[in-house]
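Listed below, chain by chain, are the residues.
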Amino acid sequence: MNSTILKTATRLLLPIFLIASILILWRGHNQPGGGFIGGLMAVIGVALYAIAASIDEARRRLRVDPLVLAGVGLACSVLGGLWGSAAGGAFLQGVWPFYEYVSGEGTKGWPIGSVLLFDTGVYLTVLGAVCAIIFALEEAVFAEREGSR
Amino acid sequence: MSPEMLLVWPIALPMITAVLTLVLRRSPVGDTVSLVGAVALLAAGITLLMHVLEFGPISAQMGSWAAPFGITLFADILSAAMVVIAGIVAVAVVVYSRQDVSEGERAVGFHALSHALLVGVCGAFLTGDIFNLYVWFEVMLIASFGLLVIGGRRDQMDAAVKYVGLNLIATLAFLAGVGILYGAAGTLNMADLHLTLADRQNETAVLAAAAMLLFAFGAKAAMFPVFAWLPASYHTPAFATSALFAALLTKVGVYALLRVFTVVFDGSGAFLQPILLVGAVLTMVVGVLGAAAQNDVRRILSFHIISQIGYMVLGLALFTPLAIIGAIFYLFHHIIVKANLFFVAGVIRWKAGSEELDKIGGLLKASPLLAILFLIPALSLAGVPPLSGFWAKFIIVQASLEARDWWVAVAALAVGLITLFSMTKIWLAAFWKEHPDAEPAAMPVAPRSMIWPIATLAVMTVIIGIAAGPLYTTAEEAAVTLLDPLAYVEVVLGPEAVAEARASEAAELQLAEVAQ
Amino acid sequence: MELVLAGLVGFLVACGAYLMMSGQLIRFLFGLVLLSNAANLAIFAAGRLTYATPPFVVSGQIAPAAGAANALPQALILTAIVIGFGLLAFALALAFRAWQSLGTTEMDAMRACEPVDFAAGKTKEKTLDPSKSYERNRLEAAE
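Residues numbered from 1 in each chain as written. Chains lettered and ligands numbered in written order. Predicted model: local features only at pLDDT ≥ 70, side-chain atom pairs only at ≥ 80, totals over all residues. Heavy atoms only, no water.

1. Regarding the overall build of chain A
Stated precisely, the cut-off is as follows: Secondary structure counts use DSSP, requiring at least four H or I residues in a row for a helix and at least two E residues in a row for a strand, with both numbered from the N terminus. With C-alpha atoms as the basis for the radius of gyration, the globule rule is written as 2.2 Å multiplied by the number of residues raised to the power 0.38. Buried, partly exposed and exposed residues are distinguished by accessible area as a fraction of the type maximum, computed with a 1.4 Å probe on protein chains only: under 20%, between the cut-offs, and over 50%, respectively.
Helix and strand counts for chain A stand at 5 helices and 2 strands. Taking 2.2 N^0.38 as the reference for a compact globule, 149 residues should give roughly 15 Å; the C-alpha atoms of chain A span a radius of gyration of 19 Å, well beyond that estimate. Overall size of chain A, expressed as C-alpha extent along the three principal axes, is 70 × 30 × 20 Å. Across the 149 residues in chain A, those meeting the buried criterion constitute 36%.

2. Digging into the packing of helix 14 (residues 321-352) of chain B against helix 16 (residues 368-382) of chain B
All names here are of chain B. Condition: The axes used here are C-alpha line fits, helices contributing only the stretch in contact, and every angle between their N-to-C directions lies in the interval 0 to 180 degrees. Helix crossings fall into two classes, left-handed where the near helix is turned counterclockwise from the far one by less than a right angle and right-handed where it is turned clockwise. Every residue pair with non-hydrogen atoms within 4.5 Å of one another is taken to be in contact. We call Asp, Glu, Lys and Arg charged. Ala, Val, Leu, Ile, Met, Phe, Trp, Tyr, Cys and Pro are nonpolar, and the rest, Gly among them, are polar.
Viewed as axis vectors pointing N to C, helix 14 and helix 16 meet at an angle of 145°, and their least axial separation amounts to 9 Å. Taken as a pair, helix 14 and helix 16 cross one another with a handedness that is left-handed. Contacts between helix 14 and helix 16 involve His333, His334, Val337, Lys338, Asn340, Leu341, Val344, Val347 and Lys351 on the former and, on the latter, Leu370, Leu373, Phe374, Pro377, Ala378, Ser380 and Leu381. A class-by-class count of the residues in the contact of helix 14 with helix 16 yields 10 nonpolar, 4 polar and 2 charged.

3. A few points about the packing of helix 16 of chain B against helix 18 (residues 406-432) of chain B
Residue and element names in this part refer to chain B. Heads up, the condition is: Any angle that falls under 35 degrees is termed roughly parallel, while one over 145 is termed roughly antiparallel, one within 65 to 115 roughly perpendicular, and all others oblique.
Closest axis-to-axis distance for the helix 16/helix 18 pair is 9 Å, and the angle between their directions is 165°. Compared by their axis directions, helix 16 and helix 18 come out roughly antiparallel. Judged by the sense of rotation from one axis to the other, the crossing of helix 16 with helix 18 is right-handed. Where helix 16 abuts helix 18, its residues Leu370, Ala371, Phe374, Leu375, Ala378, Leu379, Leu381 and Ala382 lie against Gly416, Thr419, Leu420, Met423, Ile426, Trp427 and Phe431.

4. What about the interface of chain B and chain C?
Where we set the bar: A quick way to say it: buried area is the sum, across both parts, of accessible area lost when two parts are put together, with a 1.4 Å probe. Salt bridge, as used here, is a side-chain nitrogen of Lys or Arg placed within 4 Å of a carboxyl oxygen of Asp or Glu. Under the rule applied, a polar contact is a pair of N or O atoms within 3.5 Å (in protein, one hydrogen donor and one hydrogen acceptor; residues adjacent in sequence only if both atoms are side-chain atoms).
Across the contact, 46 residues belong to chain B and 40 residues belong to chain C. Taken over both partners, the interface formed by chain B and chain C buries close to 3800 Å², and the fraction arising from carbon and sulfur atoms is 71%. Sorting the residues of chain B by area buried against chain C places B:Val161, B:Leu172 and B:Tyr182 first, and these three jointly supply 15% of that buried surface. Taken together, chain B and chain C are joined by 0 salt bridges. Where chain B meets chain C, there are 1 residue pair in polar contact (both at pLDDT 80 or more). Put simply, the parts of the chain that give the side of chain B that touches chain C at least two residues each are helix 6 (130-149), helix 7 (154-185) and helix 10 (229-233) of chain B. The leading source of residues in the side of chain B that touches chain C is helix 7 of chain B, at 18 residues. Residue composition of the side of chain B that touches chain C, grouped by class: 23 nonpolar, 10 polar and 13 charged.

5. Regarding the interface of chain A and chain B
Counting residues at the interface gives 13 residues for chain A and 15 residues for chain B. Connecting chain A to chain B are 1 salt bridge. Grouping the constituent residues of the side of chain A that touches chain B by class yields 9 nonpolar, 3 polar and 1 charged.

6. Notes on the pairing of strand 2 (residues 72-75) of chain B
Residue and element names in this part refer to chain B. Quick reminder of the rule: Strands pair, by our definition, only if DSSP identifies at least two bridges between them.
Residues Thr72 and Phe74 point to one face of strand 2 and Leu73 and Ala75 to the other, with burial holding for every one of them. Two strands pair when backbone bridges link them, and strand 1 (residues 58-61) and strand 2 are joined in this way by 4 bridges, in the antiparallel orientation. Residue Gln61 lies in a different strand from strand 2, and its bridge partner there is Thr72.

7. A few points about helix 12 (residues 272-292) of chain B
All names here are of chain B. Here is the rule we go by: The span one expects for a helix is its residue count, reduced by one, times 1.5 Å.
Here helix 12 is 21 residues long and its end C-alpha atoms lie 30 Å apart, about the 30 Å a rise of 1.5 Å per residue gives. Taken together, the buried positions of helix 12 are Leu272, Leu276, Leu277, Gly279, Ala280, Val281, Thr283, Met284, Gly287, Val288, Gly290 and Ala291. Buried positions along helix 12 lie against helix 9 (204-221), helix 11 (239-263), helix 13 (297-318) and helix 18.

8. Here we look at the pattern of salt bridges
All names here are of chain B. Summed over the entire model, instances satisfying the criterion amount to 12 salt bridges over all chains. For Asp155, the salt bridge goes to Arg153, with nearest N and O atoms at 3.1 Å. The exposure class of Arg153 is partly exposed, given its relative accessible area of 42%. Each of the salt bridges in this network shares a partner with another, and the network as a whole consists of Arg298, Arg349 and Glu355.

9. A look at unusual backbone geometry
Residue B:Pro225 follows B:Phe224 across a cis peptide bond; omega there is 0°. Residue B:Pro386 follows B:Pro385 across a cis peptide bond; omega there is 5°. Residue position: B:Pro386 is located in the loop between helix 16 and helix 17 (388-402). If you check the backbone angles, A:Leu92 has positive phi at about 75° while not being a glycine. Inspection of the secondary structure puts A:Leu92 in the loop between helix 4 (66-86) and strand 1 (99-102). Even without being a glycine, B:Arg404 presents a positive backbone phi close to 60°. Here B:Arg404 lies in the loop between helix 17 and helix 18.

10. Topic: the environment of B:Ala256
Residues and elements named next belong to chain B. Considering the arrangement of structural elements, one finds Ala256 in helix 11. The spacing of Ala256 and Asp358 is 102 residues in sequence and 39 Å in space, taken between C-alpha atoms. Here Ala256 is in contact with Leu133, Phe137, Phe217 and Phe261, once residues within four sequence places are set aside.

Note that all results are geometric; they support no functional claim without further evidence.
Okay, structure coming up:
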């Protein structure tokens, strides 16, 4: 599509969507949000860019094959699950090595651990898989339009 | 390693393999990784089965969320053995796919999708939570959608439309059934459901949920009258894919029937049993008659899957210990034989150039070894002694005679005869008669990667047939645990829950006596 | 309130079934969408409809306050929506590809995987004469 308004707006919107998606991913453990919603948010940004520029351009700027991204995401989630059992708990059990609860003072440290890894995996899986679907569909429709001309 | 992890590996390993093969899908290393992953799955399955055989059923709570609130994984002999057989099929399919699956299909992700399918299959075998079962069904379904269309051929698109459309209906019925069940019982853990629903089997909501789930699992298992997706699609993808589908997809449906209609619902209940019984017999008969009308090797075999599913459901419908043993034995035997027959169909296509019966022939002269390798699973499928299928059919027929369901026994035997006719039809057309165009000597030699899986599975069929004893004992033990849901509950929820259930049962009995 | 929802579920199922039986692939998919929404609503209703507070745990507490809504049906529906979304995206893409390669979305005309002569049971074997060779029979059948 060749629209100056859309192109200019996308230049502004894409970073907002991506930052918002990461914020939503980050707050997801205790508040509404999480990897799935965050991933979808990021997809909106990428899809908007793909419409404003082109599919090829979006693929180029994404740098990685979206399916590989989804694969890496799935791997992150599995590792996040295995981490729990490697640390002596059950599969998928939450582990926070830099985080502890001190009675009387509340929580201390960084809430980074297996749960965040799992959620990041979900984020990447959704981003990769949905982008792959959108790109494949757009390309098929585009090829059809070209073919009918 | 804690025994709980034994339950996780059969799901995590194919998941990891799927990721690796997805990333490596355009590289030649991908094939090797896929094979290693399949072997690892088989090893994980065998370890799990050994553990279960030695120490009895085990369960694990994901994330340490106690049952019934978290997701439970559970394995008894039946589920562990199914994982082992899925592993065997996985190895065979990956080896077979080396020559059978085209470069293009591999570049799109044949291996990744196959392993994703195995994730769903093993997850469905091992889960102890009915909503989780739904999720694994979906994983399996999405992967199978992908496998059906990666070839991109015209007929594959058409087949996929039918497969997808009809399976999605079944899926929605499953979901709605789970919703109704949750509304009625307030829990989704199968063990907890057993306790909650033990004396509420004839409530309308419970029966409605049972009907929805019976429809959903029946459609997955290709029972009459919801089997149309199967013969529409199984003859279109690559042969390795066909074999994978034929071996595992419908059997997950049968497994779900066996599990849910023993633990959650009472399969011998007054409402369910007649439906199951009539459905099973009609499935057998319609499937075999459909096969007799076909003229294409894989289409004949597809209809035979339906008819064989009828035998397994029949085992569940009769609901005597012997019948359940028969159903389980049938499940084990059928997966191996059916995968093998689809493999043989691939070699027939490779050598004779077609699958249509009147375009092929001359294979007996061209390859006597292949003829033997076809006869073993074919005769086993028809139930000729001493092959594995004979024992499977024998147990089922014996069980129906003991239950005094004469007409069922007659139907089972007649279906066996017509199966033999179908197999003879393939034998005459592909092996016995002359090839319409080609000279036997000029036919291409089938690659070893296609012959080895066939030979291995054929040897297994013969071994199961000759030494049926140990497998029968395993099936018997599996049936004992399956028919004792309280043992299942004890493993998942702990002995206190069972003791409580027994106490309240005893109290009710006392109350009833007092009332009298 | 449950009654209204039950009626709505029934209405959605009826519309979905009507669309699915129209013999048009796209309408079939629309019917599936309605059906999947009906299933989700059924789960929602199965979780009991009550006026309740959102099931969040207040900071410092370990359990949600009394009167909180049942979170499980919502989790189930969310999962089902996600899965349904994936399946539907696939089904739409497939419908598009099928239309591209088959040139039709009429169910009755989509017979590439099961050609009509199979369905009609026209097995060519019936015309075979066992006294003649197979090739001979084939030639005669072709004539």
